[in-house]
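# Summary of structural features
This is what each chain is made of:
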Amino acid sequence: MRSIKIFLLLGLLSFAGCKSRTDNHQKKMAIVVSTLNNPWFVFLAQTAAAQAKTLGYESKIFDSQNNTAVEADNFDNAISSGYSAILFNPTDANGSVANVLKAKKAGIPVFCMDREVNSPDAATSQILSDSYSGCVDLGKYFVKSTHAKGNYVEILGIVADNNTWARSKGFHSVVDYYPGLKMVAQQSADFDRNKGMEVMESILQAHPDITAGFCGNDAMAMGAYQALAAAGKAHNVKVLGFDGAGDAIQGIKEGKILATAMQFPKVMAQTAANYADAYFRGKRDFPKKIQVGVEMVTADNIDDYIAYGKKDKQ
Amino acid sequence: MMKKIVKYTLALIVVVFIAYNSVYFRKLSDVKAAAAKTFNPESFAKTYLTKKLLPASAHAPDADVLIGQLKTNPVKAFKTDAHSLDIGNTRFFMVKGQGTITNIDESDVYIITPGKQNLKIATEYIFGNALRDAPGIIGVNDFTNSMDLNNVSAEINKLVRNEVLPPFKSKVKKGDSVAFAGAFELNQEHINLNNIEIIPVTLIIK
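Residues numbered from 1 in each chain as written. Chains lettered and ligands numbered in written order. Predicted model: local features only at pLDDT ≥ 70, side-chain atom pairs only at ≥ 80, totals over all residues. Heavy atoms only, no water.

## Observations concerning the overall build of chain A
Counted only if it meets this: Only DSSP runs of H or I reaching four residues or more are called helices, and only runs of E reaching two or more are called strands; each is numbered from the N terminus. For this analysis, residues touch if any pair of their heavy atoms sits within 4.5 Å. In these tables, accessible area is a Shrake-Rupley quantity obtained with a 1.4 Å probe, and a residue counts as shielded only by the protein chains included in the view.
Counting its secondary structure elements, chain A contains 10 helices and 14 strands. Its C-alpha atoms give chain A principal-axis dimensions of about 95 × 45 × 30 Å. Summarising the internal contacts of chain A: among those between residues at least 6 apart in sequence, 74% fall at separations of at least 24. With the model as given, the accessible surface of chain A reaches about 13,500 Å², and the carbon-plus-sulfur share is 53%.

## Things to note about the environment of Thr298 of chain A
Residue and element names in this part refer to chain A. For clarity, the threshold we go by: Accessibility here uses a 1.4 Å probe with only protein chains present; expressed as a share of the type maximum, an area under 20% marks a residue as buried, one over 50% as exposed, and anything in between as partly exposed.
Mapped onto the secondary structure, Thr298 falls in strand E12 (residues 295-298). Note on Thr298: relative accessible area 4%, which makes it buried. Along the primary structure Thr298 and Val42 are separated by 256 residues, whereas in three dimensions their C-alpha atoms are 24 Å apart. Those residues in contact with Thr298 that sit more than four places away from it in its chain are Tyr141, Ile252, Leu258 and Ala259.

## Regarding the sheet that holds strand E1 (residues 28-33) of chain A
What counts is decided by this rule: Strands are labelled as partners when DSSP assigns at least two bridges between them. Interaxial angle, 0 to 180 degrees, is taken between N-to-C directions of lines fitted to C-alpha atoms, where a helix line uses only the stretch in contact.
An order of E2(A)-E1(A)-E3(A)-E4(A)-E5(A)-E11(A)-E2(B) is seen for the 7 strands of this open sheet, with the pairing classed as parallel. The outermost strands of the open sheet, each flanked by one partner alone, are strand E2 (58-63) of chain A together with strand E2 (86-87) of chain B. Across 4 bridges, the pairing between strand E5 (residues 125-129) of chain A and strand E11 (residues 289-292) of chain A is parallel. The residue of E11 of chain A that forms the bridge with Gln126 of chain A is Lys289 of chain A. Sheet contacts for helix H3 (residues 68-80) of chain A: E1, E2, strand E3 (85-88) and strand E4 (110-114) of chain A; angle to E2 of chain A, the most-contacted strand, approximately 160 degrees.

## Brief notes about the pattern of salt bridges
Pairing between side chains becomes possible if they bear opposite charge and their charged atoms approach one another. Residue and element names in this part refer to chain A. So the rule is basically this: When a carboxyl oxygen of Asp or Glu is within 4 Å of a side-chain nitrogen of Lys or Arg, the pair counts as a salt bridge.
Taken as a whole, this structure holds 12 salt bridges over all chains when the rule is applied. The shortest N-O distance in the salt bridge between Asp76 and Lys102 comes to 3.0 Å. Here Asp76 is found in helix H3, whereas its partner Lys102 is found in helix H4 (residues 97-105), with 26 residues between them in sequence. Take Asp76: its relative accessible area is 37%, and that puts it in the partly exposed class. Judged by relative accessible area, which is 29%, Lys102 ranks as partly exposed. Here Arg281 makes a salt bridge to Asp277, at a shortest N to O gap of 3.2 Å. Since its relative accessible area comes to 54%, Arg281 is described here as exposed.

## Concerning empty space enclosed by the protein
Residue and element names in this part refer to chain A. Stated formally: Both cavities and pockets are sets of points on a 1 Å grid over the protein atoms alone; in a cavity a 1.4 Å probe fits but cannot get out, in a pocket the set is open with protein on both sides within 12 Å along at least five of seven lines, and lining residues sit with an atom within 4 Å of a point. Grid points are joined across faces, edges and corners, and a volume is the space filled by probe spheres set on the points. Each residue gets one label: Ala, Val, Leu, Ile, Met, Phe, Trp, Tyr, Cys and Pro are nonpolar, Asp, Glu, Lys and Arg are charged, and the others, such as Gly, are polar.
On inspection of all chains with the given rule, the structure shows 1 cavity of 30 Å³ or more. Size it by volume and the largest cavity reaches roughly 70 Å³. What lines the largest cavity is Asn38, Trp40, Phe41, Asp114, Arg115, Asp161, Asn163, Arg167, Phe191, Asn217, Asp243 and Gln263. The set of elements that each furnish at least two residues to the lining of the largest cavity consists of helix H2 (39-54) and helix H6 (162-175). Here the lining of the largest cavity is composed, by residue class, of 3 nonpolar, 4 polar and 5 charged.

## Focus on the confidence of the model for chain B
What counts here: As a per-residue quantity, pLDDT reports the predictor's confidence and falls between 0 and 100.
The share of residues in chain B with pLDDT of 70 or more is 92%, and the mean pLDDT across the chain is 91. What the predictor reports for the complex is a pTM of 0.83 with an ipTM of 0.78.

## What about a nonpolar patch on the surface?
Residues and elements named next belong to chain B. This is how it is decided: Patches were defined on residues exceeding 30% relative accessible area and lacking a salt bridge, with like-charge contacts within 9 Å and nonpolar side-chain contacts (Val, Leu, Ile, Met, Phe, Trp, Tyr) within 5 Å.
On the surface, Met2, Ile5, Val6, Leu10 and Ile13 cluster together into a nonpolar patch covering about 500 Å² of accessible area. Mapping Met2 onto the fold places it in helix H1 (residues 2-22). When its relative accessible area of 60% is taken as the criterion, Met2 is described as exposed.

## What to know about the packing of H2 of chain A against helix H10 (residues 265-280) of chain A
Residues and elements named next belong to chain A. Quick note on the threshold: Two helices crossing with the near one rotated counterclockwise from the far one by less than a right angle form a left-handed crossing, whereas a clockwise rotation gives a right-handed crossing.
For the pair H2 and H10, the least separation of the axes is 8 Å and the interaxial angle reads 35 degrees. In terms of crossing hand, the pair formed by H2 and H10 is right-handed. For the pair formed by H2 and H10, the contact residues are Trp40, Phe43, Leu44, Thr47, Ala48, Gln51 and Ala52 on the first element and Pro265, Lys266, Met268, Ala269, Gln270, Ala273 and Asn274 on the second.

## Comments concerning the interface of chain B and chain A
The cut-off we apply is this: By buried area we mean how much accessible surface two parts lose on assembly, using a 1.4 Å probe and totalling the loss over both. In protein, a polar contact requires one atom able to donate a hydrogen and another able to accept it; more generally it is a pair of N or O atoms within 3.5 Å, and residues adjacent in sequence count only if both atoms are side-chain atoms.
Counting residues at the interface gives 24 residues for chain B and 28 residues for chain A. In this assembly, chain B packs against chain A so that about 2,400 Å² is buried in total across both faces, 50% of it on carbon and sulfur atoms. Applying the counting rule to chain B against chain A returns 0 salt bridges. Joining chain B to chain A, the criterion identifies 10 residue pairs in polar contact (both at pLDDT 80 or more). For the side of chain B that touches chain A, the elements supplying multiple residues, two or more each, are E2 and helix H7 (146-171) of chain B. For the side of chain B that touches chain A, the element with the most residues is H7 of chain B, which contributes 7 residues. When grouped by side-chain class, the residues that make up the side of chain B that touches chain A number 9 nonpolar, 10 polar and 5 charged. Bridge count for E11 of chain A against E2 of chain B is 2 bridges, and the pairing is parallel. Of the residues in E2 of chain B, the one forming a bridge with Val292 of chain A is Ile87 of chain B.

## Things to note about helix H4 (residues 63-72) of chain B
Residues and elements named next belong to chain B. What counts here: In this context, the arc is that of the directions from the helix axis out to the C-beta atoms.
Looking at H4, one finds that the buried residues are Ala63, Leu66, Ile67 and Leu70. With its buried residues spanning 95 degrees around the axis, H4 presents them on a single face. Of the residues in H4, the exposed ones pointing more than 90 degrees away from the buried face are Val65 and Thr72. Buried residues in H4 make contact with helix H5 (74-81), strand E3 (90-104), strand E5 (118-122) and strand E6 (177-187).

## Topic: H6 of chain A
Residue and element names in this part refer to chain A. Just so we agree on the cut-off: To estimate how far a helix should extend, the number of its residues minus one is multiplied by 1.5 Å.
Between its first and last C-alpha atoms H6 spans 20 Å; for 14 residues at 1.5 Å apiece the expected length is 20 Å, and the two agree. Among the 14 residues that make up H6, 11 are buried, leaving the element largely enclosed by the rest of the structure. Within H6, the full set of buried residues consists of Asn163, Thr164, Ala166, Arg167, Ser168, Gly170, Phe171, His172, Ser173, Val174 and Val175.

Okay, structure coming up:
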C-alpha cells in the first residue's frame, strides 16, 4: 500500500513538472517591427523569430508600415491573440509609448529592439544601437577624408525617431568644429531608398557643387548614390551611410560608398528574444537600457565585415 | 429676495474661487527653461572631470605595463583594465605614463616611452567616449535619456579641448619630456597596438 502511495506521489510530481514546461512553451512572442519595406528590419524581425523558435516558442511578425495607427492595431491584435511578450521595433519614439503602456497594462512585457521609446519605465528593457557614437566615428572619418573642406548635404531619417537625431547629432558633434565644411541642405527621406534618391535629385538641382553627403541609413545612401550616378557626379561626391546593409557593404568594396557604421541587428534581436524567455522563467530585474556597440566600416577594414555583421573568425 | 442675492453671490464666489484655482497660466519659455534644467551636461562634465576622472587617472596603469600585458595576455588585460557601456568589441582603457616627444603633426604628438613603446596623443580629434567610459564609473541607466549620456561625452571632450590642450600645444616641441594621463580605445576582436591614440586628460611638459 505504501509503495502504491509513493508511486502515485511520484506520478503527480512528474505531471507537475510537465505542466510548468508546457506552460512556458505555450507562450508566444509577437514581433512588431516598424517596417518590412527595408531589408535591415526584415533581417531584425526574422532573426528575432528564429531565436524565438530556437528557444521553443511560436512567434509572428507584425509590420507597422511606419505608421503608429497600424502599430496600435498590431498591439491590439497581439494582446487579444494571447501573445505573452512583444519584441518591438517602434515607429515613433513618442507616438509608440501609448502602445507599450497598453501592453504593460495587459501584463505583457515589451522588449524594444534598435529603436527607443521616450519613456524610462514603459518597456521592460530597451536594447539599442549606440548610434551617436557610431556617427562620431563617421564624423571624424568624414572630416579627414574631405580635408575639412567642401559643401555637403545631410539626408535625415524619420524625424520622429530618436535614432535619426542621435545619428545627426553624433555626426555634427564632430563636423561642426570645422568651418570649412558647410552643410548646404538638410532634408528627411524617412530612411527610404526611393525617397533618398528623390531628395538627392532635388538637392542637386539647387547645389550641384556638393562634395559629400551624409545619410542617416544605408538605404538612403544607396538611393542618394543612384541619383548622383544618374547625374554623372558619383565620382565627385563622397557618400556615407549607416546600418551595415548588404548593398552598402558591396558599395564600399566597389568604391561607391565611402563608409558606413555597422549595427548588429542579430545581437539586438537575439538579446530581446532571450530576455523574453528569461521573463517567462521568472526573471524581472532587466536593465532598462542596453547599448550595442556600432563599428565603422571603410575600405580599410571591409574584409572583416559582411551584411549585418562581422565575418566569423576562421 | 435679499436671501436669493446672498445665495447667488456666495455661489458665484465659490465658482470663481474654484475656477481661479483650477487653471494656471505659465510662460512657455519658463516651462521650457525648467525642463532644460533637469540635466546640465556641462556642469555634470565639470564635476565628473575633477572629482572622478582625474582621481581615476592617477590610479591608471602605466602605459608600458599595460601595453606589455596587452601583448602577452590580452584576455586578462581586457578583463581587468577595460570598460565600456556597450555590448560589443570596443573597449576603453585608462592609462598614464611619460615619454619623449618624437614628432608633432596637426592631429597628434608622438612619444616614445621609457619602455620603448611608440604612442600618439591626440591634440586635434578629441571626440568619442574614451574619457567617459574608460574609468567604468558611469552607467547607461544612470541617465533617463540617451542624449544626456551622449552630451556628457561631448562636454568632457570640450573641456579637454578648451582647458587641457591650449597651454600644452602652445609650448610643446620635439624632444620635450612629458607626463600624460588619458584613455584609449581598442577593438578586442582586432587588437592593433601599433595605432593606439590616447585622448589626454592631463598633459604636462616637464
